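# Notes for the structure review
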Amino acid sequence: MRTTTAYLAESSGAPLRLQEIQRRELRPEDVAIDITFCGVCFSDVHALQGQGPFPLVPGHEFVGVVTEIGSAVTRFAVGSAVAVGNIVDSCGTCTMCAAGQQNYCAKFPTLTYGGHDRQDGTPTFGGYAKEYVAAEAFVYHLPERLDPASVAPLMCAGVTVWEPLRQWQIGPGMTVGVVGLGGLGHLAIKFAHALGAHVTLFTTSAGKADGALELGADQVVVSGDPAAMSAQANTFDFIIDTASAPHDLTPYLRALALDGTLCALGALGSMEFDPYALLIGRKRLASAGSGGVPATQEMLDFCQLHGITADVEVLPAHEVNTAIARLERNDVRYRFALDMGQMSAP
Ligand SMILES: [Zn+2]
Ligand SMILES: [Zn+2]
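Residues numbered from 1 in each chain as written. Chains lettered and ligands numbered in written order. Predicted model: local features only at pLDDT ≥ 70, side-chain atom pairs only at ≥ 80, totals over all residues. Heavy atoms only, no water.

A word on the coordination of the zinc ion (ligand 2). All of the protein donors around the zinc ion (ligand 2) are Cys91 (SG), Cys94 (SG), Cys97 (SG) and Cys105 (SG); their distances to the metal are 2.3 to 2.4 Å. Given four donor atoms and angles of 103 to 119° at the metal, the environment of the zinc ion (ligand 2) is assigned as tetrahedral. Site description for the zinc ion (ligand 2): donor spacing in sequence, C-x2-C-x2-C-x7-C. A single burial state applies to cysteine 94 and to cysteine 97, both of which are buried. (Donors = N, O, S within 2.8 Å, 3.2 Å for Na, K, Ca; no water. Tetrahedral: all angles 85-135°; square planar, octahedral: opposite > 155°, others 65-115°. Buried < 20%, exposed > 50% of the residue type's maximum accessible area, 1.4 Å probe, protein only.)

Encoded structure:
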């Protein structure tokens, strides 16, 4: 085993503390990555405040530099700039994996943290750390010319909205609604706009309007205003719902056009809606989670081409507990990236 330093929580609600953890020695297909920036995802907060598993090192959207390669590695060399998302392995043989949907692997994908290595069963620890070891098949080249800290959130938040936008073939002439303006929502606006769609943000707070227009939204609708919502009835080809707080989906189903689709990503624990809002207009309710390897690569290529990155607030890694506390109360615009070059006790 090899030793590295990481921010680890021992139990639910406990603060992250700097300590040593163990990573596996490199297998032939592995690369070792010196982590430079790690995004802070809402999943990290959920895991820390909830069921873990503990001990927990969060972090599943990070970038870094390859420091060592296994004997069978072909796509990377020492010094390669790379990015890693929320999956680091899958079975490779099931129908989901064969379809390039490793995120839905029938034998469960190996999560970047909170999972177990498929070969030796050891728990996986995430990217709030100095070093990560991963199989090259789940490591991506960092797009050139893009700011590394701002690329990190693409690896979870980005692909989570990218894959549905592509699956529903969002493009010019289409009307797209984005519900919620956080880490996922702000990237959904950028992607849908760059894909050529007419984009509307649905938000609970009118104060977010200017920010949304700067990101590429064409209009903003305050979801708490019944008249404004009624005015959107039967309008949208596709709505992507990223709001994590529990809420009724019915107003968004009503806002869909004939045969339109609402893809709900956020509040799955409490999905409530009036079934008649599906019936009237032959509408569809769908969901999705994360992305497979091909979609992740496609997203990175698209971002490179269009110069798209996440809007991040970079914090030194030792302020990790501040980042978690602020994200919990949605006090971030729009994603934190931890500078892992500044690791010291929090
Ligand atoms: Zn995430
Ligand atoms: Zn599989």
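Still more ground to cover, so stick around.
It is worth spelling out the coordination of the zinc ion (ligand 1) at this point. Donor atoms from the polypeptide that coordinate the zinc ion (ligand 1) comprise Cys41 (SG), His60 (NE2) and Cys156 (SG), at 1.9 to 2.2 Å from the metal. Within one chain, the residues serving as donors to the zinc ion (ligand 1) are arranged as C-x18-H-x95-C. Here cysteine 156 lies in the loop between helix H3 (148-151) and helix H4 (157-167) and histidine 60 lies in the loop between helix H1 (42-49) and strand E4 (62-69), a separation of 96 residues in the sequence. The exposure classification of histidine 60 matches that of cysteine 156, with both residues buried. (Helix = DSSP H or I, 4+ residues; strand = E, 2+ residues; numbered from the N terminus.)

Bringing H4 into the picture now. Of all eleven residues in H4, nine are buried; the element is thus mostly enclosed. Along H4, the residues that are buried comprise Ala157, Gly158, Val159, Thr160, Val161, Trp162, Glu163, Pro164 and Leu165. Looking at the buried residues of H4, the elements they touch are strand E10 (175-179), helix H5 (183-194), strand E13 (236-241), strand E14 (256-264), helix H10 (293-306) and strand E17 (335-339). Directly after H4, the chain includes glutamine 169, whose backbone phi takes a positive value near 50°. (Contact = heavy atoms within 4.5 Å.)

It is worth spelling out a nonpolar patch on the surface at this point. On the surface, Leu268, Met271 and Phe273 cluster together into a nonpolar patch covering about 240 Å² of accessible area. For methionine 271, the position within the fold is in the loop between E14 and helix H9 (276-279). (Patch = residues over 30% accessible without salt bridge, like charges linked within 9 Å, V, L, I, M, F, W, Y side chains within 5 Å. Areas by Shrake-Rupley, 256 points an atom, 1.4 Å probe, with all protein chains shown as cover. Salt bridge = Lys/Arg side-chain N within 4 Å of Asp/Glu carboxyl O.)

Bringing the domain arrangement of the protein into the picture now. In terms of domains, the protein is made up of domain 1 (2-156 + 309-339) and domain 2 (158-286). Distance from the C-alpha centre of domain 1 to the C-alpha centre of domain 2: 28 Å. Taken together, the contact pairs 14 residues of domain 1 with 16 residues of domain 2. When domain 1 packs against domain 2, the two sides together hide about 1,000 Å² of surface, and 47% of this comes from carbon and sulfur. Among the residues of domain 1 in contact with domain 2, Leu154, Cys156 and Tyr334 are the three that bury the most area, contributing 47% of the side total. The tally of links from domain 1 across to domain 2 stands at two salt bridges. In this structure, the salt-bridge partner of arginine 333 is glutamate 214, at a minimum N-O distance of 3.7 Å. Across the side of domain 1 that touches domain 2, the residue classes tally to eight nonpolar, three polar and three charged. (Domains from an automatic or database assignment. Buried area = accessible area lost by both parts, 1.4 Å probe. Nonpolar A, V, L, I, M, F, W, Y, C, P; charged D, E, K, R; others polar.)

The element strand E8 (residues 131-135) is largely enclosed, with a buried count of five among its five residues. Residue alternation in E8 divides its side chains into two sets, Glu131, Val133 and Ala135 and Tyr132 and Ala134, and both sets are buried. Taken together, the five bridges between strand E3 (residues 30-40) and E8 define a ladder with antiparallel strand orientation. The residue of E8 that forms the bridge with valine 31 is alanine 134. (Pairing = 2+ DSSP bridges.)

Another aspect to go through is the pairing of strand E5 (residues 81-84). As paired elements, E4 and E5 share four bridges and run antiparallel to each other. Within E5, the residue paired with valine 63 across the bridge is alanine 83. Pairing of E5 with strand E9 (residues 140-141), which is carried by two bridges, proceeds in the antiparallel orientation. The partner of valine 82 across the bridge, within E9, is histidine 141.

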